[in-house]
Amino acid sequence: MRILQKKRRPVCAAIVAVVAASTGVAGLPAAAETYPSRPVTIVVPYPAGGLGDILPRAMAQVLHEQTGQTFIVDNRPGATQVIGTRYAARAAADGYTLLFGSVTSLALNPILKKNMSYDPLKDFEPIALTYMSPMYLVTRPDLKVNSVKDLIALAKAEPKKLNYSSGGVGSSSHLAAELFNTIAGTSMTHVPYAGTGPAIRDTMAGIVDLTFTGSGMSYAKQGQVKALATTGATRSQAAPEVPALAESGLAGYEASIWFGFLAPVGTPKPIVDKLYAEMKKAVDSGALRERLRAANDEVELVAKPPQEFHAFIGKEIERWRSVTRATNLKSQ
């Protein structure tokens, strides 16, 4: 169609249809029917091992089973998820490169990063919001605290001595801890890592004192960390025995994490819709839950469609902007 318009002369509808079909311009629905016809890469801006790596791998496995095509996880961590996210934003908009995005890459970075190299609302086509989860406040096993009250007392008795790990400056785990400091009136030292995997590993090893992480209960059940509280507004159904921070002396505290899949802007809508349908099927059928059962059974599975996901990202940007202002976190 674009070539015919450049000639600036009348062309009958029949000729237009023939040329469009031969060039593939009018073939997007047909392309969606045969999609995917080759391996699809899912760019994951996390290192291997943490929740941000486990979740997309589970979806990739189920999508492979449903479509018969390979979905490859490409870990590209660094710069608080900016490196991988920027790479995906610049990829070809053909449905063969996807992004596994999160609250950090899509809602926090636009607030906390100066000179952002991507715009989450303009550079991507949301496909599906698929994972929602509270975080858990967990400590190294030998830290001499058994409750949030104990932790606050220890932190106040020795300001700056306690340290906490996070998935990076401006990550959801970082903001969760800073919100804790602000409401509790404590002062703990931040130790940023290149992802949540290394952050929780060093907490288990006793190198750092505590962390906020979505995979906290998995390790707590194995005795590798102590879980003191959940960051959700209420207790988690996955761990009803663990109190929420909001009921542990920090009224109003809430900080959840979420993840979803996106494609570069311009990806044909029929392909986006097909991907959403496959991801919704993965959630509704129970296949995704089954894949996650052994690795992490705490995350809530959802299947928010493209338009809802887009609106959700915008609302989360505004919500976290108000939190960063309250905690005096500056752009970097």
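The structure under discussion appears in the preceding block.
Worth saying up front: this structure is predicted, and the values here are computed from it rather than measured.

A closer look at the overall build of the chain
- Within the chain one finds 13 helices and 11 strands.
- Taking all 332 residues of the chain together, 52% fall into the buried category.
- In the chain, once contacts between residues fewer than 6 apart in sequence are set aside, the share between residues at least 24 apart is 78%.
- When the accessible surface of the chain is totalled, it reaches about 14,600 Å², and 53% of it is carbon and sulfur.

Let's talk about helix α7 (residues 148-157)
- Every buried residue of α7 is accounted for by Val148, Leu151, Ile152 and Ala155. One face of α7 carries all of its buried residues, which in axial projection span an arc of 95 degrees. Turned more than 90 degrees away from the buried face of α7 sit Lys149 and Ala157, all of them exposed.
- Residues of α7 that are buried sit in contact with β5 (136-139), α8 (172-184), β8 (210-213) and β9 (226-230).

Observations regarding the sheet that holds strand β6 (residues 163-166)
- Here five strands make up an open sheet; going across it, the order is β7-β6-β8-β5-β9 and the pairing mixed. At either end of the open sheet lies a strand with only one pairing partner, and these are β7 (189-192) and β9. Neighbouring strand axes in the sheet, compared pairwise and without regard to direction, differ in orientation by 30 degrees on average.
- In terms of strand pairing, β5 meets β8 through four bridges, oriented antiparallel. Looking at the pairing, Val138 lines up with Thr211 of β8.
- Sitting on the sheet, α8 touches β5, β6, β7 and β8, and the angle it makes with β6 is about 150 degrees.
- Across the sheet, helix α9 (residues 196-204) lies against β5, β6 and β8, angled at about 140 degrees from β8, the strand it touches most.

What about unusual backbone geometry?
- A cis amide bond links Tyr35 with the next residue in sequence, Pro36, at an omega value of -5 degrees.
- The topology assignment puts Pro36 in the loop between α3 (28-34) and β1 (40-44).
- Phi angles above zero are rare outside glycine, and Asn115 is one such case at about 50 degrees.
- Locating Asn115 in the fold gives a position in the loop between α6 (103-112) and β4 (124-134).
- Positive phi values are uncommon outside glycine, yet Lys160 reaches one of about 75 degrees.

Notes on the sheet that holds strand β2 (residues 71-75)
- Strand order in this open sheet of six strands is β2-β1-β3-β10-β4-β11, and the pairing throughout is mixed. Sheet topology places β2 and β11 (300-304) at the edges, where each strand pairs with a single neighbour. For this sheet, the mean angle separating the axes of adjacent strands, direction not counted, is 25 degrees.
- As judged from the three bridges shared by β4 and β11, these two strands associate in the antiparallel manner.

Thresholds applied
- Just so you know, the residues in each chain are numbered from 1, in the order the chain's sequence is written.
- Per-residue local features are limited, in this predicted model, to residues with pLDDT of at least 70; the limit for side-chain atom pairs, both in listing and counting, is 80 or more; totals at the level of whole chains, interfaces and linings are taken over all residues.
- Think of the side-chain values as coming from all heavy atoms in the structure, minus any hydrogens and water.
- The way it works is that DSSP assigns letters per residue, a run of H or I at least four long becomes a helix, a run of E at least two long becomes a strand, and they are numbered from the N terminus.
- For the exposure calls, accessible area comes from a 1.4 Å probe over protein chains only, and a residue counts as buried if that area is under 20% of its type's maximum, exposed if over 50%, partly exposed in between.
- Contact definition: two residues touch when any of their heavy atoms are within 4.5 Å.
- Computed with a 1.4 Å probe, the accessible areas rest on the Shrake-Rupley method; for each residue, only the protein chains presented here act as cover.
- The arc under discussion is defined with respect to the helix axis, by the directions toward the C-beta atoms.
- We call two strands paired when DSSP finds no fewer than two bridges between them.
- Under this scheme, a helix contributes an axis fitted over its contacting stretch, all axes are lines through C-alpha atoms, and angles between N-to-C directions fall in the 0 to 180 degree range.

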